[in-house]
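The lines below spell out each chain.
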Amino acid sequence: MLDPRAVADDPEAIQHNLRRRHADDEAFAAVDRIVALSSRRNVLVTDRDGCRAARNSLSKAIGDLFKAGKRDEAEAMKAEVATNNARIAELEAELDGLEVELRHLALSLPNVLDPSVPDGHSDADNPVVATWGTPRAFDFTPKAHVEVGEALGILDLERAAKLTGARFSVLKGLGARLERALMNFFLDLHTGTNGYTEVMVPYMVHADICEGTGQLPKFAGDMFKLAEPVNGQDTYLIPTAEVPVTNLHREEILDDAQLPVKMVCFTPCFRSEAGSAGRDVRGLIRVHQFHKVELVWLTRPEDSADAHEQLVSHAEQALQALELPYRKVLLCAGDTGFGAARCYDLEVWLPSQQAFREVSSCSNFHDFQARRMNLRYRPADVDGKKSRPQFAHTLNGSGLPLGRVLVAILENHQQADGSVVVPEVLRPYVGTDVIRPPSA
RNA sequence: GGAGGGGUGGCCGAGUGGUUGAAGGCGCCGGAUUCGAAAUCCGGUUUGCGUGCAAACGUAACGCGGGUUCGAAUCCCGCCUCCUCCGCCA
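Being a predicted model, the structure only gives us computed values, none of them experimental.

> Sorry if this is basic, but what is going on with a nonpolar patch on the surface here?
Nonpolar side chains collect at one region of the surface, where Met200, Tyr203 and Met204 lie side by side and expose about 320 Å² of accessible area between them. Among the secondary structure elements, Met200 is positioned in the loop between strand E2 (197-199) and strand E3 (204-206). Looking at Met200, the relative accessible area reads 62%, which means it is exposed.

> Help me out: how do you make sense of the protein's contact with RNA strand B in this one?
Taken together, 23 residues surround RNA strand B, and among them Thr46, Asp49, Ser59, Val81 and Arg378 come closest. Thr46 has a polar side-chain atom sitting 2.7 Å from a sugar or linking oxygen of RNA strand B. The separation between a base nitrogen of RNA strand B and a polar main-chain atom of Ser59 is 2.8 Å. Elements supplying a minimum of two residues to the surface near RNA strand B: helix H3 (25-67), helix H4 (71-108) and strand E11 (376-378). Ranked by residues supplied to the surface near RNA strand B, first place goes to H3 with 12 residues. Considering only residue class, the surface near RNA strand B consists of 6 nonpolar, 7 polar and 10 charged.

> I tried to follow the domain arrangement of chain A on my own but got confused; where do I start?
As a measure of interface size, the accessible area lost when the parts come together is often cited. Domain assignment breaks chain A into domain 1 (4-107) and domain 2 (123-435). With 5 residues of domain 1 at the interface, the matching set in domain 2 holds 9 residues. Taking both partners together, domain 1 and domain 2 bury about 670 Å²; carbon and sulfur atoms supply 44% of that area. Taken as a group, Arg21, Arg103 and Leu107 account for 77% of the area that domain 1 buries against domain 2, more than any other trio of residues on that side. Inspection of the domain 1/domain 2 interface yields 1 salt bridge. Between Arg103 and Glu211 there is a salt bridge, and its shortest N-O distance comes to 2.7 Å. At the boundary of domain 1 and domain 2, one finds 5 residue pairs in polar contact (both at pLDDT 80 or more). Grouping the amino acids of the side of domain 1 that touches domain 2 by side-chain chemistry returns 1 nonpolar, 1 polar and 3 charged.

Reading the values: the criteria
- Residues numbered from 1 in each chain as written.
- Chains lettered and ligands numbered in written order.
- Predicted model: local features only at pLDDT ≥ 70, side-chain atom pairs only at ≥ 80, totals over all residues.
- Heavy atoms only, no water.
- Patch = residues over 30% accessible without salt bridge, like charges linked within 9 Å, V, L, I, M, F, W, Y side chains within 5 Å.
- Areas by Shrake-Rupley, 256 points an atom, 1.4 Å probe, with all protein chains shown as cover.
- Salt bridge = Lys/Arg side-chain N within 4 Å of Asp/Glu carboxyl O.
- Helix = DSSP H or I, 4+ residues; strand = E, 2+ residues; numbered from the N terminus.
- Buried < 20%, exposed > 50% of the residue type's maximum accessible area, 1.4 Å probe, protein only.
- Near = heavy atom within 4 Å.
- Polar contact = N/O pair within 3.5 Å; in protein donor to acceptor, adjacent residues only side chain to side chain.
- Nonpolar A, V, L, I, M, F, W, Y, C, P; charged D, E, K, R; others polar.
- Domains from an automatic or database assignment.
- Contact = heavy atoms within 4.5 Å.
- Buried area = accessible area lost by both parts, 1.4 Å probe.

What follows is the structure in structure tokens.
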């Protein structure tokens, strides 16, 4: 969420940002409306507070008069308070409506892009920042992951469809083992030298939690909403661990010394994939349920840029350890997500598609999410003076998703005989060097 | 699911409807004392919003929401949540 005051103070800057994002007319209208509402709001607040001050002093006077036994004067004064209270009620009614609208408008605006984000319309304009590894030269035609997995008897999409239809999967034997191995490897990697604290969290969260990270109100269609409220509130299946984990410290004031908070979390992720009909229909690339190990940071504003580089490097480490060629792109203005100020995507090479496909999205949100969820910290004292609390910065990135990485392993490490070589770092977890077809 | 008891500041813990943003204690910060420290003493120690260059002033907040009242931490209603006991259960 943008600070309505910041919007009102410098609408040109916000409009410039919207142009860079190729935002729609509605967004520009929201800026104008925020400017108008903000000045009206300040008038109302000043007015209301003045009326309240009058009421407070009158009430006190009434109390004193009663004590002094001057009942008549007190009664007369009550009438005065009554008219004053009616005025307060009027002002509050207008103010309440206005503040609801202000928040709604502020929530609808995308984050301000970091100055370092390049101009551009779509993913075609994202500059490639780095590439790692060389796509393997196959002396046979590499198969797609579905073929590889089904031939190995470790992937069963047909039976998954019996359970829940398309876009679900069943892993068996070493396939399931490989998925579990990835989970453990990623968690061990990040809780080890990378210094993340592992957390386990609920997979269902209330609507305000989704608003905190930015999924709501704009992207309700991407999530699964439970038909029945849980504990009295609308509840959603989490689309990513980012949602519960980033919100862990919402409405708190963290101590400066606690930062940065670095958390790693394994969860299933549930996505409705509304509007993606016909895209990546087969296999594990685009599904309604997948597993992911997510990295989340809470930092001081001045530290978030550096944290962003570290975060993406941790995700890269995982790909490198698995010997998977990838490239790193910096998303351009038009492709950067709604809440992100700056975002790197890691794209892994898929031989069957002869293309790089997204496996990790590492974003710095600046204070966008923190403001939504009222997540603050108290900066260290300056010259012995206590500092005022301010919003933290939040970041997150996949480190990494299990399903898409499993796809990449099956495709990149497949051999002519249909077997798949297990990357060395995974062997202790999988318990074998090679996954072989049942007949072999 | 049934019965009962709680939710007050960083923590513990008072609070009769009217100088209670909130006693007292702990913790923390500053100062005094000390060669230094401990102990002791003095002072300070929530957050949001508005006005203001600032100092400051005003206003709001005692789980959340509503109500009664001139005035609510205090009375009433609903909800959330925590604890104890019974039942059920992975």
